[in-house]
Amino acid sequence: MDKVDLLDKFKKVAANRDQLSAVGRDPTSIVIDRIISPTEAIIDGKPTILVGTNNYLGLTFDPECVAAGQTALEESGTGTTGSRMANGSYAPHLALERELADFYEVGHAMVFSTGYAANLGTMAALVNTGDVVVLDADAHASLYDGCRMSGGSVYRFRHNDMNSLANRLRRLQDKASRTLIVVEGLYSVLGDRAPLREIVALKREYGAHLLVDEAHSLGIYGAHGRGVCEELGVMDDVDFIVGTFSKSLGATGGFCASKHEVLALFRYASRPYIFTASGNPSVIATTRAALRQLQARPELRQKLRDNAKHLYDGLQALGLQLGADVSPVIAVRFERSEDAARTWEKLLEAGIYTNLFVPPATPDGTSLLRCSVSAAHTSEQIDTILNRFRDAIQPLKARAANAD
Amino acid sequence: MEKNTKDIEQALRKILSGSVDSSVDLASETDFVSDLGLESIQVLEFIMEVEEHFDIAIDLESLSDVRTVGELTKVVAAAIQD
């Protein structure tokens, strides 16, 4: 038998990449030559409207956030050069944790260096060998990786399917009390929300705990922008909320907020917290400024909702197949992956940037273009996006008409 | 409900035949990925159907080494015992 070389595995990776490029432009190799604003960039020398950035509140160029970052950079330097455990926390790390705890009205919060680390670090601390995770099948990769790192037993339930979740919890019997149910507030690919009231009812019935990832819903849902948990009135029943600073807050980093006092002890038990450098002073400063903006300017959420409805209604009027929920994440589905890829490429050529998702990266095996709407989009930009979509799908419409 | 190994394997093949080209001959040693060309997401969907059929829960960790119908049969048999 031939010896296997360590590097052989990359032949398959290369083949997969080539398959992506075969449809035309490789969607994984887009270069933003220059970013101009939350909604505009130069790509391939061309002015492009961005509608695939998760920049929900459009705060990346907010003057107050930029000024806060500049001040921190000048006053505290470019980096912390180590972990909080070894090098110590800077006062602003603790201030941000206090502000997050106050924002959620839960008492405790912990900041991580990335959103990915927040999910890994929370689950690794919370779940150990002998414990159980019951995870929505469509959960983000970071939650799957957190499960793997935790050492607990992991069972998936069908996406948003309460019978499937109830069956899992029922089978666990005595172990239900040491079980963590893991879901997302807003799912990042299809843009649908978790039925949190029903999930909370099951959590109570079986005596389990609940973690909700609000990465894509922070600043978007609820009277105070806390997320889907607030919108659905279940804040008191959620044990742990995790999220990221890299979407609506326009920075990098992540957090866990909880009503449980034990969260303070996670610092001693979470390797993704302990063994990595802490957030840069400028990043912590822009995050704090963005969190203040989120709270002080509820009109951003209203504008985002209006923009999402504008785009959703327009895409629907074009006859495109969309998800059921109107949300800032709008998935446009295509029956054939090559149709999705060609439409994505045509849109890019026409100066519209969306995200292309093809199997196996899509939750249910369909191909789609993900649009993420921003409060910073103007009404005119959304009309332009819709016009370009209409042009890009023209060949598909013509083909469908010929087939009839 | 199937209890013995032979019946379990038979049931697994039946469920699997719904996900793949029916002309493929399904044997104990048929590899889901290299022989059937299933994507990882299709394997996970197949596993979910298996869990529902047998009313069992399979820990993701115990699936990490499972590549064939025969190997999955053992995992299912163990889960039924639990």
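Nothing here was measured: the structure is a model prediction, and the numbers come from that model. (Residues numbered from 1 in each chain as written. Chains lettered and ligands numbered in written order. Predicted model: local features only at pLDDT ≥ 70, side-chain atom pairs only at ≥ 80, totals over all residues.)

Describing the overall build of chain A
So, point 1. When helices and strands are tallied, chain A shows 15 helices and 15 strands.
So, point 2. Scaling as 2.2 N^0.38, a compact globule of 404 residues should have a C-alpha radius of gyration of about 22 Å, and chain A matches this with 22 Å.
So, point 3. Projecting the C-alpha coordinates of chain A onto the three principal axes gives extents of approximately 65 × 55 × 55 Å.
So, point 4. A buried classification covers 50% of the 404 residues belonging to chain A. (Helix = DSSP H or I, 4+ residues; strand = E, 2+ residues; numbered from the N terminus. Rg over C-alpha atoms; globule rule 2.2 N^0.38 Å. Buried ≥ 20, exposed ≤ 12 C-beta atoms within 10 Å, placed from the backbone.)

A short note on the interface of chain A and chain B
So, point 1. The interface is formed by 12 residues belonging to chain A together with 9 residues belonging to chain B.
So, point 2. Mapped onto the side of chain A that touches chain B, the elements with two or more residues apiece are strand E6 (153-157) and helix H7 (162-172) of chain A.
So, point 3. For the side of chain A that touches chain B, the element with the most residues is E6 of chain A, which contributes 4 residues.
So, point 4. For the side of chain A that touches chain B, the residue count by class is 6 nonpolar, 2 polar and 4 charged. (Contact = placed C-beta atoms within 7 Å. Nonpolar A, V, L, I, M, F, W, Y, C, P; charged D, E, K, R; others polar.)

Quick look at the pairing of strand E5 (residues 132-136) of chain A
Residue and element names in this part refer to chain A.
So, point 1. Most of E5 is tucked away: 5 of the 5 residues are buried.
So, point 2. The alternating pattern of E5 places Val-132, Val-134 and Asp-136 on one face and Val-133 and Leu-135 on the opposite face, and all of these are buried.
So, point 3. Direction of pairing for E5 relative to E6: parallel, over a ladder of 5 bridges. Bridging across to E6, Val-134 finds its partner in Tyr-155.
So, point 4. Taking the sense of rotation as the criterion, the β-α-β connection linking E5, helix H6 (residues 141-150) and E6 turns out right-handed.
So, point 5. Note that E5 and strand E7 (residues 179-184) share 4 bridges and pair parallel. Within the sheet, the bridge partner assigned to Leu-135 lies in E7 and is Val-182. (Pairing = 2+ DSSP bridges. Right-handed = clockwise from strand over helix to strand, strands pointing away.)

Description of the packing of H7 of chain A against helix H8 (residues 196-206) of chain A
All names here are of chain A.
So, point 1. The geometry of H7 relative to H8 is characterised by a closest axis approach of 11 Å and an angle of 15 degrees between their N-to-C directions. One way to sum up the angle between H7 and H8 is to call them roughly parallel. As for the relative orientation of H7 and H8, their crossing is right-handed in sense. Contact residues: Met-162, Leu-165, Ala-166 and Leu-169 in H7; Glu-198, Ile-199, Leu-202 and Tyr-206 in H8.
So, point 2. Residue composition of the contact of H7 with H8, grouped by class: 7 nonpolar, no polar and 1 charged. (Axes fitted to C-alpha atoms, helices over the stretch in contact; angles between N-to-C directions. Parallel < 35°, antiparallel > 145°, perpendicular 65-115°, else oblique. Left-handed = near helix turned anticlockwise from the far one by under 90°.)

Topic: the sheet that holds E7 of chain A
Residues and elements named next belong to chain A.
So, point 1. The sheet built from 7 strands is open, its strands ordered E4-E10-E9-E8-E7-E5-E6 with mixed pairing. Unpaired on one side and paired on the other, strand E4 (108-112) and E6 mark the two borders of the sheet. This sheet shows a mean twist of 20 degrees between the axes of neighbouring strands, independent of strand direction.

Some remarks on the environment of Glu-349 of chain A
Residues and elements named next belong to chain A.
So, point 1. Relative to the helices and strands, Glu-349 resides in helix H13 (residues 337-349).
So, point 2. Exposure remark for Glu-349: the 15 C-beta atoms within 10 Å place this residue in the partly exposed category.
So, point 3. When the C-alpha atoms of Glu-349 and Glu-214 are compared, they prove to be 33 Å apart, with 135 residues separating the residues in sequence.

Focus: the confidence of the model for chain B
Residue and element names in this part refer to chain B.
So, point 1. Predicted confidence across chain B gives a mean pLDDT of 82, with 91% of residues reaching 70 or more.
So, point 2. Of all the helices and strands in chain B, helix H2 (residues 40-54) carries the lowest mean pLDDT, 85, while helix H3 (residues 69-81) carries the highest, 89.
So, point 3. In the model output, the complex is listed with pTM 0.94 alongside ipTM 0.83. (pLDDT = per-residue confidence, 0-100.)

Overview of the domain arrangement of chain A
Residues and elements named next belong to chain A.
So, point 1. Domain annotation of chain A identifies domain 1 (18-50 + 298-403) and domain 2 (63-296).
So, point 2. Taking the mean C-alpha position of each, domain 1 and domain 2 sit 28 Å from one another.
So, point 3. Taken together, the 14 residues of domain 1 in the interface contact 13 residues of domain 2.
So, point 4. At the level of secondary structure, the elements contributing two or more residues to the side of domain 1 that touches domain 2 comprise helix H12 (299-317) and strand E12 (329-334).
So, point 5. If you tally residues by element for the side of domain 1 that touches domain 2, the top one is E12, at 3 residues.
So, point 6. Class assignment for the residues of the side of domain 1 that touches domain 2 results in 8 nonpolar, 3 polar and 3 charged. (Domains from an automatic or database assignment.)

A look at helix H14 (residues 379-392) of chain A
Every α-helix winds through 3.6 residues per turn, so residues three or four apart in the chain are directed the same way.
Residue and element names in this part refer to chain A.
So, point 1. Compared with the 20 Å implied by 1.5 Å per residue over 14 residues, the 20 Å span of H14 between its first and last C-alpha is a close match.
So, point 2. By the burial criterion, the buried members of H14 are Gln-381, Ile-382, Ile-385, Arg-388, Phe-389 and Ala-392. An end-on view of H14 places all buried positions within 125 degrees of arc, on one side of the element. Facing away from the buried side of H14 by over 90 degrees, the exposed positions are Ser-379, Glu-380 and Asp-391. (Expected span 1.5 Å × (residues − 1). Arc of directions from axis to C-beta.)

Focus: unusual backbone geometry
Residues and elements named next belong to chain A.
So, point 1. In this model, Asp-44 sits at a positive phi of 55 degrees, which is unusual for a non-glycine residue.
So, point 2. Summarising the element assignment, Asp-44 is placed in the loop between strand E2 (40-43) and strand E3 (46-50).
So, point 3. Classification of Asp-44 as partly exposed rests on a count of 13 C-beta atoms within 10 Å.
So, point 4. Despite not being glycine, Glu-105 has its phi angle at roughly 55 degrees, a positive value.
So, point 5. Inspection of the secondary structure puts Glu-105 in the loop between helix H4 (91-104) and E4.
So, point 6. On the basis of neighbour count, Glu-105 is assigned to the partly exposed category, with 13 C-beta atoms found within 10 Å.

Points about the sheet that holds strand E1 (residues 32-37) of chain A
Within a sheet, adjacent strands bond to each other through the backbone by hydrogen bonds, running parallel or antiparallel.
Residue and element names in this part refer to chain A.
So, point 1. Across the sheet, which stays open at both edges, the 4 strands sit in the order E1-E2-E3-E13 with mixed pairing between neighbours. Whereas interior strands pair on both sides, the edge strands pair on one side only; in this sheet they are E1 and strand E13 (352-353).
So, point 2. Bridge count for E2 against E3 is 4 bridges, and the pairing is antiparallel. Note that in E3 the partner of Glu-40 across the bridge is Ile-49.

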